[in-house]
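Commentary on secondary and tertiary structure
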Amino acid sequence: ATPPLHDAHINSYCNTGKRTMSDEEEIHSNAEEEEITDLSSSDVCTKYQEAAKIVNLALQGLILQCVPGAKIIDLCQFGTTVIETQAAKLYTKKVEGAAVEKGVAFPVCVSVNEIVCNHSPLPTEELPPIKAGDIVKIDLGCHIDGYIAVAAHTLVVPDSDASPAVDSKLGNVAVAAYNAMLVASAHIKAGSKNTEVTAAVEKVAKTYGVSPISSVRMHQMKRFVIDGVKEVALKEPNPDDQDELEEKVPECEFEQYEVYAIDVAMSTGEGKARPADLRTTVFKRNVESNYKLKMKASRQLLSEVDKKYPTLPFTLSHFEDERTAKMGVNECVGHGLLIPYPSLAEKVDEKVAHFKCTVLLLPSGTSRVSGLDLPEYFKSDVKVDEETAAVLKEIEEAAERKARRAAKKKAAKKKKK
């Protein structure tokens, strides 16, 4: 069995992350001017980018920890510690006497096999450790001053140092989900509509013979808002399907300086994920709802939520008094004070892949700032249509140009030394 991820191990990993900003680079808002909270501010743009770097670092670390025998609760704690440790290094000076808020924007969730997302178990309800061949989906988020970056990644737990063996069924759904994320990122630009993105995602899914998870949606993000008003569906609801529970997403147009979470989950099944037979532990405060709670445990929980997690999602595993949290959560949910994020599951024999990234709609174009590359062991023989192939080729060429510029810049710095 793999030993727990001790603090020393976590600290060792966290210390590999380099500080990318000095105190002198921090920009303090002018109290006499109205604060700009969109990407037209270079400071806001930097905060999104810094949050994205931390998200990617946490994902990279978690991938290394996904070995046979690793416990899900330890993986969640590892990711949380990386995010909090790295965020604590940035923006250390107070602004108008107050510390800059930063840290976890979406709890680290580790969902295995048919579980699609939102699995962040309590210490007392740990599932069996992961094993070789398990399909693991990691989902997390970080914010700097309320500016959020999120990402999700899918991997297969290796048996040794060799690449995991992946069958064509899993290869197709993983490549489809990843490519759909890339294509969606390319389609989300100022002036385009969300219906165009949905059509592009459905086209990719159909090509690979897989199904988008209908309950998963892409969202606009704003300061301290992870699920904005503007949404993008992964598929259009079928009015003839009586099991289709999703409402049609209202049409909207994307605008410059907006930020979006490009969230794509796909399945080899019908794509109708249902709440899993697991305790829901991830919640978000409904800021528009108030109610005088009757139970002491409920009042205690809500008081702590309002203090620590007033706007962003959290997990019950972050509360010291687990018993009180479990007792109080039902009344809070029942009266609409907390919004649940249940763990979703597909049928047991189906394969699921989940990828997510953050994009910034800048004047220079859409910039993808978070999310990792598709693992090389996910392969597919399916040929996509010419239009999709052209989009993917353009994305690949842009990434290569960016890598060359970065390498050139690094070489120039090395030469100066």
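In what follows, the structure referred to is the one given above.
Predicted model, so just to flag it, every value in this text is computed and none were measured.

Moving on, we get to the nonpolar core. The biggest cluster of nonpolar side chains holds 56 residues, and the ones touching the most others in it are Ile130, Val136 and Leu140. Those elements that place two or more of their residues in this core are helix 2 (42–65), helix 3 (72–88), strand 1 (102–112), strand 3 (135–144), strand 4 (147–156), strand 8 (259–267) and strand 14 (352–362). Ranked by the residues each element gives to this core, the list is headed by helix 2, at eleven residues. For Leu140, the residues in contact, after removing those within four places along its chain, are Val55, Ala58, Leu59, Leu62, Ile83, Phe106, Pro107, Val108, Val150 and Ala151. Within the second largest apolar cluster, 47 residues are counted, among which are Cys117, Met181, Val201 and Ile395.

Spatially, the three strands line up as an open sheet ordered 2-13-9, and their pairing is antiparallel. If you trace the sheet from one side to the other, it starts and ends with strand 2 (115–117) and strand 9 (274–275), each paired once. Looking at chain direction, strand 2 and strand 13 (residues 344–345) are connected through two bridges and run antiparallel. Residue pairing in the sheet places Ile115 in a bridge with Ala345 of strand 13.

What follows concerns the sheet that holds strand 10 (residues 282–285). Across the sheet, which stays open at both edges, the three strands sit in the order 11-10-12 with antiparallel pairing between neighbours. For this open sheet the edge positions go to strand 11 (314–315) and strand 12 (338–341), each flanked by a neighbour on one side alone. As paired elements, strand 10 and strand 11 share two bridges and run antiparallel to each other. Counted as the bridge partner of Val282 is Thr315 from strand 11. Packing of helix 7 (residues 322–334) onto the sheet brings it into contact with strand 10 and strand 12, and relative to strand 12 it is tilted by some 110°.

The subject of this paragraph is the packing of aromatic side chains. In the structure shown here, the tally under the stated rule is nine aromatic pairs. On the numbers, 5.1 Å between centres and 80° between planes, the contact of Phe254 with Tyr260 is edge-to-face. Phe254 sits in the buried class, given a relative accessible area of 1%. Its relative accessible area of 0% is what places Tyr260 among the buried residues. On the basis of an interplanar angle of 70° and a centroid distance of 5.7 Å, the ring pair of Phe314 and Phe319 is categorised as edge-to-face. For Phe319, a relative accessible area of 6% corresponds to the buried category. Grouped by ring-pair contacts, the aromatic residues Phe283, Tyr309, Phe314 and Phe319 constitute a single cluster. A cation over an aromatic ring shows up here: Lys47 above the ring of Tyr91, its NZ or CZ 5.2 Å from the ring centre. For the cation-ring pair, Lys356 lies above Phe106, with the distance from its terminal atom to the ring centre recorded as 5.4 Å.

Parameters and conventions
- Residue indices begin from 1 for each chain and proceed along its sequence in written order.
- Local features in this predicted model are restricted to residues whose pLDDT is 70 or higher, and side-chain atom pairs enter the listing and the counts only when it is 80 or higher, whereas totals over whole chains, interfaces and linings include all residues.
- Side-chain numbers here rest on the full set of heavy atoms in the structure, without hydrogens or water.
- To qualify as a nonpolar core, a set must consist of buried Ala, Val, Leu, Ile, Met, Phe, Trp, Tyr and Cys residues joined through side-chain atoms within 4.5 Å.
- Only protein chains enter the accessibility calculation, which uses a 1.4 Å probe; a residue whose area is less than 20% of its type maximum is buried, one above 50% is exposed, and one in between is partly exposed.
- A run of H or I in DSSP becomes a helix once it reaches four residues, and a run of E becomes a strand once it reaches two; helices and strands are each numbered from the N terminus.
- It only takes one pair of heavy atoms within 4.5 Å for two residues to be counted as in contact.
- Should DSSP find at least two bridges between two strands, the strands are regarded as paired.
- Only C-alpha atoms enter the line fits that serve as axes; for helices the fit covers just the stretch in contact. Angles between N-to-C directions range over 0 to 180 degrees.
- A pair of Phe, Tyr and Trp rings is counted when the ring centres sit within 6.5 Å of each other, with Trp represented by its six-membered ring. The angle between the planes then sorts it: under 30 degrees is stacked, over 60 is edge-to-face, the rest tilted.
- Placement of a charge over a ring requires the Lys NZ or Arg CZ to be within 6 Å of the ring centre, with the centre-to-atom vector within 35 degrees of the ring normal.

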